[in-house]
Amino acid sequence: MPQSKQESQRRAKANEAAAAKLKQLEAFAEPSEGALTTPDGIAVTDNHGSLRAGTRGPLLAEDFFLRDKLAHFERERIPERVVWARGAGAHGYFELTRPLGEYTSAGFLNDAGVRTPVFVRFSNLTGSQGSADTVRDMRGFAVKFYTREGNWDLVGANMPVFFVQDAMKFPDLVHALKPEPHHGMPQASSAHDTFWDFASLMPESTHALMWLMSDRALPRSWRMMDGFGVHAFRFVNAHGVPHFVKFHWKARLGRHALLQAEARRIAGLDADFLRRDLWDAIEQGCFPEWELALQLIPEAKAASLGFDLLDPTKLVPEELVPPLVVGKLVLNRNPDDFFAESEQVAFHPGRLVPGIEFTGDPLLQGRLMSYTGSQMARLGGPNYAQLPINRPVCPVHAFHRDGAHRTAIGQGAVSYEPSSLATGAEVRVDGGREAPQPHANGVEARTRLRANEFDDHFSQASFFWNSVSPAERDHIVGAFQHELAQVRVPAIRQRVVDNLAHVDSRLARKVAEAVGAAAPDAKAAAGRAGFRELRLKLPIETSPALAMENGNGHGIATRRVAVLVAPGVEVGALRALQQALEEARARCILLAERIGSVATAAGQQLQVDESLCSSASVLFDAVIVPGGAACVEALAANGHAMHFIHEAFKHGKTVCVIGDALKLLEPLGLGDAQAAAAVAGVIVGRNDPPSRVQLVQDFLAALARHRHWTRAHLDRVAA
Ligand code: HDD
């Protein structure tokens, strides 16, 4: 189901609310002219002298104005574009004169007379930002259309063909063209060994070389050069009928060039010749204009052209396919801020509005992969589309979040879909189950669909559930119960249990009961958008390998065993356990009421590692409580100790009580030695030497099992 109208309206309202909030702040704003301030608006009292300790003393760290001013200044430069670095732009509009409904559904190409705002940047392919305008080079002709359906970037050039056919060769071309890496020369020129070395080995570049060596490479003015989209794109009308299309900008002032000798001299006399020419013309009100002319080619006709239309080293002669003039481009406003506009403008040939599509041109396809990363690297992060010059004029409802330099202020909790929280209704943005669309190159079917078997979402969830041990199942139920108990919206809890009904009915029921949901309804889940009713059958019912319980591993190395002690502790059996644990590379940690030492029943001092009140059973894998009447009495009177032992028991850990320490299990109903020893993971030992060997064996075996989940009624244990 496509995005609902209700959802769009809600988003529009949210956007309005965000705008209104900003306006509330703006109501307090004052005009920015007047006294100098810091970027935070704090008045600057002296912009000439830094703050010093006395007239001849050192600078003071508290001169935050100086520090901020320098810190900002040091970061003023950003990386220049890796190619097309030298350039400048202007604002204007595109006006459609010939509606194109029979060719494309793009809204701005359907309404004659409608003006679409544009920003255009002209550039040199080769030179750095500080090079000269008039050198022999291909010129960039990039147009950003701010349409009501989003931004469309036509990122073309003043030549209709390119040097390479495949994007794989683009970095090589640029490396060959740029100054040679060992000495950094020559700047902004193709007249050197590496370029011609590469070009001579790449016969596909020959056609573009002809253009590069022609007068087209020395335009008299950007206003006097034509532009080309270069690649074949594809128009698709409202009925899905495709046409190949090639874009042409035809300069109203005609095509005029400089002589090579002139171009060279001007490069020295006025490196900014072309950008100055554009700026001055616009300032004088002589707004430069271009016609947009299209070569429209039915797909069936493409094959009869005599060359491959998807090859970007080929042009379509106008005599074969006469261009149809459909509108005009007018540049009528110079930017206010070169950096914020001409420099920060970010083009991307993949920004296409509905009704305009790519083709399989391998160069174009490669371009689609390149520009996003380039803009992020250049403009410092993923939010470059929020910069004023790149911002669309239509509403933006993107779910992208956060990132450096975010300026948009989002609304509400929902930045994902499908969702139901924002509107109360279920919203899902997908194309449904339409058949795959044929691709423009006519070879492959394009689709966002996955293979049918991917529609089975539950069979393996059930398989997992059936494979794990009963204790693990209890934990799964508990985890669902716990998580859903934190969910405040009843409809969400219900949806989860309805889905779980497809996994296991008992699981679903137990979860539903605990979270106040109605009886799980598998059919309700099946009726939901995005749900696909398919259940694959595995040749086996369960997989024991999936149960955690069957993967105990080997040994007990690094397990942490707590030993709870108090004065009067009997250490005979404990010593044997400690020695065995040490040999197995497990750790024994002694805990008592206080850190320091306690006296044993035999009058020796026993080192204490941690205090009971600052530790907890959850930090250990098992607990040992050695005997000794006085010791046991002291521990029984210590709330921390009793909680420690009972909690370890409740959590299924190995609990070892020696001699009279058995008494401490009385509150668990295990005061009787036989009853206690019958419980899994409870080891009841004595201090007499003959029984120690068995005690050690039992304890190590129990510890190796890690947890003992078969203990009955653990939920009744108060811990
Ligand atoms: Fe590109 C920028 C034109 C192929 C990768 N390209 C860029 C600009 C223009 C073009 C005019 C500058 C836009 C502006 O003013 O900001 N590019 C073309 C043309 C191509 C072409 C006409 C061939 C038909 N480009 C091309 C390929 C790749 C790139 C094959 C890489 C696979 N182009 C980039 C880039 C740039 C870029 C590295 C550099 C700076 C930037 O993006 O912002 O991503």
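As a reminder, the structure under discussion sits directly above these lines.
Residues numbered from 1 in each chain as written. Predicted model: local features only at pLDDT ≥ 70, side-chain atom pairs only at ≥ 80, totals over all residues. Heavy atoms only, no water.

**Q** What's the story with the packing of aromatic side chains in this structure? I'm lost.
**A** Describing an aromatic ring pair means giving the distance of the ring centres and the angle of the ring planes. Here the structure, examined in full by the defined rule, presents 21 aromatic pairs. Ring geometry for Phe94 versus Phe145: centroids 5.6 Å apart, planes at 80°, classification edge-to-face. Linking Phe94 in strand S1 (residues 86-96) with Phe145 in strand S3 (residues 139-147), this pair joins segments that are 51 residues apart in sequence. One exposure class covers both Phe94 and Phe145, and it is buried. Judged by centre distance (6.2 Å) and plane angle (75°), the ring pair of Trp211 and Phe228 falls under edge-to-face. Of this pair, Trp211 sits in helix H5 (residues 206-212) while Phe228 is found in strand S5 (residues 227-228), placing the two residues 17 residues apart along the sequence. (Phe/Tyr/Trp six-rings, centres within 6.5 Å; stacked < 30°, edge-to-face > 60°. Helix = DSSP H or I, 4+ residues; strand = E, 2+ residues; numbered from the N terminus. Buried < 20%, exposed > 50% of the residue type's maximum accessible area, 1.4 Å probe, protein only.)

**Q** I would appreciate a short explanation of helix H13 (residues 490-500) in the present structure.
**A** Helical periodicity: at 3.6 residues per turn, an α-helix aligns residues three or four positions apart in one direction. Burial in H13 covers these residues: Ile492, Arg493, Gln494, Arg495, Val497, Asp498 and Leu500. Taken together, the buried residues of H13 touch helix H12 (470-485), helix H14 (505-514) and helix H15 (522-526). (Contact = heavy atoms within 4.5 Å.)

**Q** What is the right way to read the site of the ligand from this model?
**A** In the vicinity of the ligand, 24 residues are found, and the nearest of them are Arg81, Arg121, Arg367, Tyr371 and Gln375. Arg121 is positioned such that a nitrogen or oxygen atom in its side chain is 2.7 Å from an oxygen atom of the ligand. For the ligand, an oxygen atom lies 3.0 Å from a polar atom in the side chain of Gln375. Residue assignment for the shell around the ligand shows that the elements contributing at least two residues are S3, strand S4 (150-157) and helix H10 (362-379). Element by element, the count of residues in the shell around the ligand is highest for H10, at eight residues. Here the shell around the ligand is composed, by residue class, of 13 nonpolar, seven polar and four charged. (Near = heavy atom within 4 Å. Polar contact = N/O pair within 3.5 Å; in protein donor to acceptor, adjacent residues only side chain to side chain. Nonpolar A, V, L, I, M, F, W, Y, C, P; charged D, E, K, R; others polar.)

**Q** Mind showing me how you'd approach the pattern of salt bridges here?
**A** Counted under the stated rule, the structure contains 26 salt bridges. In this structure, Glu299 engages Arg234 in a salt bridge whose closest nitrogen and oxygen atoms are separated by 3.1 Å. Separated by 65 residues along the polypeptide, Glu299 in helix H8 (residues 299-302) and Arg234 in strand S6 (residues 233-236) bring together distant segments of the chain. Residue Arg333 is joined to Asp336 by a salt bridge in which the shortest nitrogen-to-oxygen separation is 3.8 Å. The class for Arg333 is partly exposed, based on a relative accessible area of 40%. Taken together, the salt bridges that share partners define one network made up of Arg86, Asp133, Asp270, Asp272 and Arg276. (Salt bridge = Lys/Arg side-chain N within 4 Å of Asp/Glu carboxyl O.)

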